[in-house]
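Geometric and topological summary
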Amino acid sequence: MLTGGCLCGGVRYEISEPLVSSNYCHCTRCQRRTGTAASAQGRIAPGSMRILQGEELLRAWRPADGSAKVFCSECGAHMWSEDPKDPEIRAVRLGSFDGDPGIRPSARQFTAYAAAWEPIPDDGLPRFPERRPPGA
Ligand SMILES: [Zn+2]
Ligand SMILES: [Zn+2]
């Protein structure tokens, strides 16, 4: 069982199945959201996440053209993004896990928008200028 939560501890979750994929996202939205050069996240198996506490603290920013960004309204910690058509499709921020999430990011996407102030690490991961293609 994977567990995690927000910065203030109000929100806690558990995930009952291994994460299915993971990447770094360098898009402008992720830079704004995290305050950093890229966001690391892992896709969960649909339906495998349970909120243990703090559901009432969760808020989401729902842009018209993308997935909802769910965060803790008390401490502002980023928790996951949700597919607007199927909220069970979630990508959880790796920084919210208590321990090892059991997966490593395997690609970098939206590198065309990478921050000017931090070079993309030369880590051998495939880079995609736009969204990572399905299955890549
Ligand atoms: Zn919190
Ligand atoms: Zn992004």
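In this report, we go over the structure that sits alongside the text.

The rules we used
- Residues numbered from 1 in each chain as written.
- Chains lettered and ligands numbered in written order.
- Predicted model: local features only at pLDDT ≥ 70, side-chain atom pairs only at ≥ 80, totals over all residues.
- Heavy atoms only, no water.
- Helix = DSSP H or I, 4+ residues; strand = E, 2+ residues; numbered from the N terminus.
- Buried < 20%, exposed > 50% of the residue type's maximum accessible area, 1.4 Å probe, protein only.
- Contact = heavy atoms within 4.5 Å.
- Areas by Shrake-Rupley, 256 points an atom, 1.4 Å probe, with all protein chains shown as cover.
- Lys, Arg positive; Asp, Glu negative; His and termini not counted.
- Charge placed at Lys NZ, Arg CZ, Asp CG, Glu CD.
- Pairing = 2+ DSSP bridges.
- Donors = N, O, S within 2.8 Å, 3.2 Å for Na, K, Ca; no water.
- Tetrahedral: all angles 85-135°; square planar, octahedral: opposite > 155°, others 65-115°.
- Phe/Tyr/Trp six-rings, centres within 6.5 Å; stacked < 30°, edge-to-face > 60°.

1. Some words on the overall build of the chain
- Looking only at helices and strands, the chain has one helix and eleven strands in total.
- Reading the chain from its N terminus to its C terminus gives the helix and strand order β-β-β-α-β-β-β-β-β-β-β-β.
- When the backbone C-alpha atoms are referred to their principal axes, the chain occupies close to 40 × 30 × 25 Å.
- Evaluated residue by residue, the chain yields a buried proportion of 43% over its 136 residues.
- Look at the contacts in the chain between residues 6 or more apart in sequence, and 52% of them connect residues 24 or more apart.
- For the chain, the exposed area adds up to about 7500 Å²; of that, 51% sits on carbon and sulfur atoms.
- The centroid of the 17 positive side-chain charges in the chain is displaced by 4 Å from the centroid of its 16 negative side-chain charges.

2. Describing the pairing of strand β9 (residues 90-93)
- The side-chain alternation of β9 yields two buried faces, one formed by Arg90 and Val92 and the other by Ala91 and Arg93.
- When strand β4 (residues 39-43) meets β9, the two strands line up antiparallel, connected through three bridges. Note that in β9 the partner of Gly42 across the bridge is Val92.
- With three bridges connecting them, strand β8 (residues 78-82) and β9 associate as antiparallel partners.

3. Considerations on the coordination of the zinc ion (ligand 2)
- Bound to the zinc ion (ligand 2) are the protein donor atoms Cys25 (SG), Cys27 (SG) and Cys30 (SG), situated 2.1 to 2.3 Å from the metal.
- One chain supplies every donor to the zinc ion (ligand 2), and in sequence these donors are spaced C-x1-C-x2-C. Summarising the burial analysis for this pair, Cys25 and Cys27 share the class buried.

4. Remarks on the environment of Glu55
- Of note, Glu55 is situated in the loop between β5 (49-53) and β6 (58-61).
- Note on Glu55: relative accessible area 54%, which makes it exposed.

5. Here's the deal with the coordination of the zinc ion (ligand 1)
- Protein-derived coordination of the zinc ion (ligand 1) comes from Cys6 (SG), Cys8 (SG), Cys72 (SG) and Cys75 (SG), at a distance range of 2.3 to 2.4 Å.
- One can describe the site at the zinc ion (ligand 1) as tetrahedral: its four donor atoms subtend angles covering 102 to 116 degrees at the metal.
- If you list the donors of the zinc ion (ligand 1) from N- to C-terminus, the spacing comes out as C-x1-C-x63-C-x2-C. Taken together, the residues Cys8 in the loop between β1 (2-5) and β2 (12-15) and Cys72 in strand β7 (residues 68-72) connect sequence positions 64 residues apart.
- On the basis of relative accessible area, Cys72 is assigned to the buried category, the value being 1%.

6. A look at the packing of aromatic side chains
- Summed over all chains, the structure comprises two aromatic pairs.
- Judged by centre distance (5.7 Å) and plane angle (90 degrees), the rings of Tyr13 and Phe97 are edge-to-face. With Tyr13 in strand β2 and Phe97 in the loop between β9 and β10 (108-109), this pair connects stretches of sequence that are 84 residues apart.
- Plain terms: the ring middles of Phe110 and Tyr113 are 6.1 Å apart, the flat faces sit at 50 degrees to each other, and that makes the pair tilted.
- Phe110 sits in the buried class, given a relative accessible area of 13%.

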